[in-house]
Amino acid sequence: MTEQDNSRITLSIRNLSKVFGGKNEQVQALNDVSLDIREGELFTLLGPSGCGKTTTLRCVAGFEKPSSGRIDFLGRDFTSIPPFRRNIGMVFQSYALFPHLSIFENVAYGLRIRKLPRKDTEQKVNRIIQLVGLEATQKRKPSELSGGQQQRIALARALVYDPQLLLLDEPLSNLDAKLRVYMREEIRRIQQQAKVTTIYVTHDQEEALSISDRIAVMHAGKVSQVGTPDEIYENPNTIRVADFIGQANFLTCEVQANADPVLRFRSGEQITLTNSSDNVRGYQDTEGILFVRPEQMEVSAAANHPNSLKGQVKVILYLGSVVRYYIEIFQDHDPQEILVDQDRRVHGVGVGDAVAVLVHGQEAKLFPTEQRQQLEKA
Amino acid sequence: MAREITRRLKTFEFTPYLVLGLALIILVVFIVYPLSKVVFSSFIKLGDAPTLRNLTLANFAQFSKSTLYRSAFLNTMVVGLVCVLFSCLIGIPMAYFVAKTQTPFKTFFLTLGTLPLILPPFVGAYSWILLFGRQGVINYFLDAAFGFTLPDIYGAPGVIIAITMSTYPFIFLLTYGALISADPYIEESAEIMGASRWRVIRTVTLPLVIPAIVAGALIVFMRSVGNFGVPAILGGNFYVLPTLIHFQVTGFFNLNAAAAIAMVNVVLVAFAILLSQYVTAKRSYITITSTTQAARVSSSKLLKWLGTVFCFGVIFFSLLPHLTVIFTSFTEGWAGTRYPTKFSFDNFRRIFEIALTPIRNSLFLATTATLIASVIGTLLSYINVRKNLKARWILDLTVMLPFILPGIVVGVAILVGFSSGLLILSGTWMIMVVGFFIRRMPYIFRSTTASLTQIDVAVEEASTITGASWLTTFRKITLPLMAPGILAGAVISFATLMGELSTTVILFSARWKTISVAIVEYLFSATIGPAYALGTILIVLVLSAIFLANRILGRRMSQMFKMV
């Protein structure tokens, strides 16, 4: 992180821990979490359920009291300020619109509490409702709106009083698939227009990659990795992150360090990685796990292709934008199935055919073998 | 560090702790304190100082020495058990007919079947004598036409009939609820395996609703052994524990003896609760219902007609006393003659001359107590649902205790608690309000708890994060959303307080007679006309309160009683 970045940090979470439960049963929801969130960015907490992402968000909101650690907002200690004085906007998973108030009153709620003059209130509410594109609904009750509309009103209600921080707790999880994609673009657009520092919680890695400036991948109450979507996807720092984000293949191998390292697999086959990344070239151990994304490999009908792994096509899935090949490799030595994505069908390759699988060295990565246990057992 | 502490104090939100703490203090002062005191004083002899050294079982020894005590105890048991039995015999078939057959007028039966729960039973009690008594109309005609008369109903039979006709709706409504919510596929699967209709009823339908029947039986038992008004009017020498308590309080002003009898009364109730839990614990069925399909209805014509006749009969018979009250209030000099001869508004004219004060008193006391119960009950249910108290069950039990205990026991506890000691309220209207509000708070507590558990916590959090303090959130979000629950509880509280007798009879003072006390006094002095005119006014007040609430809430009356 550069000097300049440091000066723009809005929210700083330091060594945050949270333990739930009494004497008998204790659950460590957060374990020494530290994060820096920069001004105006959309920062995503990503992880499976129970990883601590929502607890972190609720600590920032003030609904949970951290067991230890501190949260500083613009240099002020946040933990001793009650939630209603933190000037935060928040969108809840269930939207939590006030069922007895009209849409207008829902959105105006925060302004009424701030005792804004009537005229300003009306003006601000109208502007924000326009921003989320729901001008016609003002007089209705929340129950008369569709899920997507309720979602936008929740967003409008959270933004109308210009909060210093916007928290979004799995805001899209109650919408159907198509609306989810549309709404995440909407949220991004509105967030950019409002220029508000935002923390976004989700378990959906695709959503996180598409919407975020930066992502913190969490697991079991800890932060596994923080980075831009590109960094997280292309350069995961552990097998767990690599496995959680996107599709991945992991192949155990022996490593011969070299300018172009040579990998030897349990089938006896070996490949040379040319143009490989710093990670691979600097790899010290003699054993490792090769991590390679499906789209970073190639299927070839020529069975005797040099510098490749022999395999047999088991399944071909046509997914529209890509064609996914399930290929069994190491057939005589404890076979393993890998995924290879191609932009289009490879000519002359069908199910049951023997093929060669090529690995594009520049994007592949090696992880130490002891990280194998991080792979989730399916 | 010191600065850190002062800053934390400044940012700490005191309001919820202040408001909710106050509610808890009221709970301790007005429920825990008098109840503990009455338990203690039952072990002290009249006139002895309330110290640990003076503890004695002398008050309880009366139950082995005095025949009056012994018979009162046995009578109470008999009344309780027989009323449960009769209520089941009426309520279960009625529930079956309304839920599972093509009997028409279902809404009519459900609505009128709820009325006996709201109309105070003592008001109609004397009508049984007018109708079936030795000098009653029915016997007069029977004698004239067939030359025989019915056995005397004064004493035990009258008490049991009058109480049963006011308690059977508990069995009816609870069983009905269980029957219509049971999964119809369960019965169908029994039938597909070859079971006949009677076999399905006997082996599937009835066993599934047994928990509901037991719950209803428990309430019937509690009401029967705690009823004061009916045995006071119809009992004569047939004493039960509540009338014995009243005898000790008003006859001898022996609060210690009354406390001991009250304890025995409570033990009966506690025993019934334990028994019912023992029975239901072995029979807790969890049916996984995946269907929203309505309960299956028998297409039998026979059952349809049988059901119609039965239900009409029960409704008519159970409302007959109150109809008699209204009818009689417009007559002159009945009860002296064989049957009414002259109709007029004379009784009402007399009431407005001599008995306006009780009406005003009842309205004032019921309204005040309902308002206090609404505020405190709402706050306590908020604590119960929203604050993660470890001792939640203690709070729940404390609030519900005055509901479980017989009304006259609550009356004795309040009188013992506040006629001596730090806070002396006896002889004032306040002591009556205290008794009223703690007895009716459970209604509000239950109905607001139900509506509060349905409010998503995130809705309140959304208000908080928007910048609203606890009080603002409570006022603008939580309270409006709880309002229907509060209103439903408040209406039932008000309606049942208007005719409250068993607590009142212990706590009232000459200046603060209520409608119910005035009615009983008129009945005791055999001035039926004014008594029934007051009774009619009471019935009209109660019914209009319920009717109004139904209009506002848009619910059926039987639904409002779901929580009991």
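Residues numbered from 1 in each chain as written. Chains lettered and ligands numbered in written order. Predicted model: local features only at pLDDT ≥ 70, side-chain atom pairs only at ≥ 80, totals over all residues.

A.B. asks: Is there a simple way to explain the overall build of chain B in this structure?
C.D. replies: Along its length, chain B carries 26 helices and two strands. At 25 Å, chain B has a C-alpha radius of gyration in line with the 24 Å of a compact globule built from 564 residues. On the principal axes, the C-alpha backbone points of chain B span a range of 95 × 70 × 50 Å. The proportion of buried residues among the 564 residues of chain B is 47%. Nonlocal contacts in chain B, meaning residues at least 24 apart in sequence, comprise 79% of its contacts between residues at least 6 apart. (Helix = DSSP H or I, 4+ residues; strand = E, 2+ residues; numbered from the N terminus. Rg over C-alpha atoms; globule rule 2.2 N^0.38 Å. Buried ≥ 20, exposed ≤ 12 C-beta atoms within 10 Å, placed from the backbone. Contact = placed C-beta atoms within 7 Å.)

A.B. asks: Even after reading the chapter, I still don't get the overall build of chain A, so can you show me in this structure?
C.D. replies: In terms of helices and strands, chain A carries 10 helices and 20 strands. By principal-axis analysis of the C-alpha atoms, chain A measures approximately 80 × 45 × 45 Å. Across the 378 residues that make up chain A, the buried fraction comes to 40%. Long-range pairs, those at least 24 residues apart, make up 67% of the contacts in chain A with a sequence separation of at least 6.

A.B. asks: Hey, could you run me through the packing of helix α17 (residues 356-386) of chain B against helix α24 (residues 515-524) of chain B in this one?
C.D. replies: Helix packing for two helices is described by the angle between their axes and how far apart those axes are. Residue and element names in this part refer to chain B. For the pair α17 and α24, interaxial distance at closest approach is 8 Å and the crossing angle is 145 degrees. On the side of α17, the interface is formed by P358, I359 and S362, while α24 contributes I515, V517 and A518. Of the residues that constitute the contact of α17 with α24, the class distribution is five nonpolar, one polar and no charged. (Axes fitted to C-alpha atoms, helices over the stretch in contact; angles between N-to-C directions. Nonpolar A, V, L, I, M, F, W, Y, C, P; charged D, E, K, R; others polar.)

A.B. asks: Explanation requested: the packing of helix α4 (residues 67-100) of chain B against helix α11 (residues 197-226) of chain B in the structure shown.
C.D. replies: Residues and elements named next belong to chain B. Taken N-terminus to C-terminus, the directions of α4 and α11 make an angle of 140 degrees; their axes are 8 Å apart at the nearest point. Here α4 lies oblique to α11, going by the angle between them. Between α4 and α11 the crossing geometry is right-handed. Every residue of α11 that contacts α4 at T76, V79, G80, C83, V84, S87, C88, G91 and I92 is listed here: I213, G216, A217, V220, F221, S224 and V225. Tallied by class, the residues present in the contact of α4 with α11 amount to 10 nonpolar, six polar and no charged. (Parallel < 35°, antiparallel > 145°, perpendicular 65-115°, else oblique. Left-handed = near helix turned anticlockwise from the far one by under 90°.)

A.B. asks: Explain the domain arrangement of chain A here, please?
C.D. replies: How big an interface is tends to be stated in terms of accessible area lost as the parts join. Domain assignment breaks chain A into domain 1 (3-240) and domain 2 (248-370). With centres defined by C-alpha atoms, the gap from domain 1 of chain A to domain 2 of chain A works out at 40 Å. (Domains from an automatic or database assignment.)

A.B. asks: Is there a simple way to think about the domain arrangement of chain B in this case?
C.D. replies: Residues and elements named next belong to chain B. We note that the domain assignment places domain 1 (77-328) and domain 2 (340-564) within chain B. Using only C-alpha atoms to locate each centre, domain 1 and domain 2 end up separated by 24 Å. Of the residues lining the interface, 34 residues belong to domain 1; the matching set on domain 2 comes to 33 residues. Those elements that provide at least two residues to the side of domain 1 that touches domain 2 are α5 (106-112), α6 (115-118), α7 (121-132), α11, α12 (229-234), α13 (241-252), α14 (255-281) and α15 (301-329). For the side of domain 1 that touches domain 2, the leading source of residues is α14, giving seven residues. When the residues that make up the side of domain 1 that touches domain 2 are grouped by side-chain class, the tally is 26 nonpolar, eight polar and no charged.

A.B. asks: Would you take a moment to explain the pairing of strand β15 (residues 297-300) of chain A for this structure?
C.D. replies: In summary, the side chains of a regular strand alternate between the two faces of the sheet. Residues and elements named next belong to chain A. Here β15 shows a clear split, with M297 and V299 buried on one side and none of E298 and S300 buried on the other. Looking at chain direction, β15 and strand β19 (residues 354-359) are connected through four bridges and run antiparallel. What sits directly across from S300, in β19, is A356. (Pairing = 2+ DSSP bridges.)

A.B. asks: When you look at the environment of B:L415 in this model, what are you seeing that I'm missing?
C.D. replies: Residue and element names in this part refer to chain B. Secondary-structure assignment places L415 in helix α19 (residues 407-418). Sequence separation between L415 and L425 is 10 residues, and the spatial gap between their C-alpha atoms is 8.4 Å. Other than its neighbours up to four places away in sequence, L415 contacts L255, S426, I506 and L507.

A.B. asks: Just checking my understanding: could you explain the sheet that holds strand β17 (residues 323-329) of chain A for this structure?
C.D. replies: Backbone hydrogen bonds are what pair the strands of a sheet, in a parallel or an antiparallel way. All names here are of chain A. Taken in spatial order, the five strands line up as β15-β19-β16-β17-β18 in an open sheet, and their pairing is antiparallel. Only two strands of the sheet have a single partner each, and these edge strands are β15 and β18 (336-342). Direction aside, neighbouring strands of the sheet carry axes that sit 45 degrees apart on average.

A.B. asks: Looking at this model, I keep getting lost on the interface of chain A and chain B. Mind explaining?
C.D. replies: On the chain B side, the residues contacting the 20 residues of chain A number 20 residues. At the level of elements, β6 (88-91) and α3 (103-113) of chain A are the ones that each hand at least two residues to the side of chain A that touches chain B. The biggest single contributor to the side of chain A that touches chain B is α3(A), with three residues.

A.B. asks: Please clarify how the pairing of strand β8 (residues 197-202) of chain A should be interpreted in this entry.
C.D. replies: Residue and element names in this part refer to chain A. Burial within β8 is extensive, with six of its six residues counted as buried. Along β8, one buried face is formed by T197, I199 and V201 and the opposite face, lined by T198, Y200 and T202, is buried too. One ladder, built from five bridges, connects strand β3 (residues 42-46) with β8; its direction is parallel. Counterpart to L45 in the pairing with β8 is V201. Inspection of the sheet shows strand β7 (residues 165-169) paired to β8 by five bridges, in the parallel sense.

A.B. asks: Would you take a moment to explain the sheet that holds strand β4 (residues 68-73) of chain A for this structure?
C.D. replies: Residues and elements named next belong to chain A. On the basis of which strands lie adjacent, the open sheet formed by four strands has the order β2-β1-β4-β5 and antiparallel pairing. This sheet does not close on itself; its edge strands, each paired only once, are β2 (27-38) and β5 (76-77). Packing against the sheet, helix α2 (residues 53-61) makes contact with β1 (9-20), β2 and β4, and its axis sits at approximately 115 degrees to β1.

A.B. asks: Explanation requested: the environment of B:Y239 in the structure shown.
C.D. replies: Residues and elements named next belong to chain B. Note on placement: Y239 falls in the loop between α12 and α13. Note: C-alpha distance between Y239 and G155 (84 residues apart in sequence) is 8.8 Å. If near-sequence neighbours (up to four positions away) are discounted, Y239 is found in contact with L68, S71, A72, N75 and L244.

A.B. asks: Before we go on, may I ask you to explain helix α5 (residues 147-159) of chain A in this structure?
C.D. replies: Along an α-helix, residues three or four apart share an orientation, since each turn contains 3.6 residues. Here α5(A) contains 13 residues, and its C-alpha end-to-end distance of 19 Å stays within 8% of the 18 Å for a straight helix at 1.5 Å per residue. Of all 13 residues in α5(A), 10 are buried; the element is thus mostly enclosed. (Expected span 1.5 Å × (residues − 1).)

A.B. asks: Please explain the nonpolar core as it appears in this structure.
C.D. replies: Soluble, globular proteins show a tendency: their nonpolar side chains are buried together. If you look at the biggest cluster of nonpolar residues, it comprises 156 residues, and the most contacted ones within it are B:A262, B:V412 and B:L534. Element by element, the count of residues in this core is highest for helix α9 (residues 156-181) of chain B, at 15 residues. Both domain 1 (77-328) and domain 2 (340-564) of chain B contribute no fewer than three residues apiece to this core. Those residues within four positions of B:V412 in sequence are excluded, and the remaining contacts are B:V38, B:I245, B:V249, B:L255, B:A258, B:A259, B:A262 and B:I506. Within the second largest apolar cluster, 105 residues are counted, among which are A:I103, A:L159, A:M183 and A:I190. (Core = buried A, V, L, I, M, F, W, Y, C linked by C-beta atoms within 7 Å.)

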